[in-house]
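Summary of the model geometry
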Amino acid sequence: FFHPQAAIRDSVASRGLGDVYKRQTLSSIQVGSSERQNRFLPEGDAKVQYQHAFGYLRKRQFQKAELALKEFLNANPDDPLVPNALYWLGETYYTQGKYEDAAEIFISGYEQHSGSSKTPDNLLKLGLSLLKLDRRGDACLAFAQLLSEFPNGTQNLIRRASSESKRLGCAT
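Residues numbered from 1 in each chain as written. Predicted model: local features only at pLDDT ≥ 70, side-chain atom pairs only at ≥ 80, totals over all residues. Heavy atoms only, no water.

To continue, consider the pattern of salt bridges. This structure, assessed with the given rule, holds eight salt bridges. The shortest N-O distance in the salt bridge between glutamate 164 and arginine 167 comes to 2.7 Å. Of this pair, glutamate 164 and arginine 167 are both found in helix 8 (residues 155–168), three residues apart, which corresponds to roughly one turn of the helix. By relative accessible area, which is 53% here, arginine 167 ends up exposed. Through salt bridges with shared partners, one network takes in Arg39, Glu43 and Glu71. (Salt bridge = Lys/Arg side-chain N within 4 Å of Asp/Glu carboxyl O. Helix = DSSP H or I, 4+ residues; strand = E, 2+ residues; numbered from the N terminus. Buried < 20%, exposed > 50% of the residue type's maximum accessible area, 1.4 Å probe, protein only.)

Take a look at the structure:
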């Protein structure tokens, strides 16, 4: 079975950006001092903290959302909301133009949480991030994997991946 994430990593590594795509573990996402004044999340359970972090996204405060989501991931590494938080962390990077960081998070979300409802979204955003990095071939691999693994995904997701694949002239 073909694994595009390995092909993407191999392709990127051969171009000198391999470190960017190394599998990121949640413990490596650091926010800084754990002192209370540097926290972005309130006390409370994981759901309350996730909703607070997501609130920054709704307000389009992407840097605060990034820090709050990192804090959430550090504080709640085994919570069922981790796949969602990881995806939205990737979105904060993407929105801020940090495409290498976004690609790293999206591929980590895809690999580490393959059973999540966010898995197809991770593949789409991985492809879009790679496209922003001028990695057309790698983007094509991500879109092909999405279309192969999730042919019954949401219409918008499938339409976007198909559209990007056609626009790029990806092999089918």
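Let's shift gears to helix 2 (residues 46–58). Under the 1.5 Å per step criterion, the end-to-end length of helix 2 is 18 Å for 13 residues, consistent within 8% with the ideal 18 Å. Of the residues making up helix 2, those classed as buried are Ala46, Gln49, Tyr50, Ala53, Phe54, Gly55, Tyr56 and Leu57. Phi turns positive one or two residues past the end of helix 2, at arginine 60, with a value near 60°. (Expected span 1.5 Å × (residues − 1).)

Distances and angles like these do not, on their own, reveal function.
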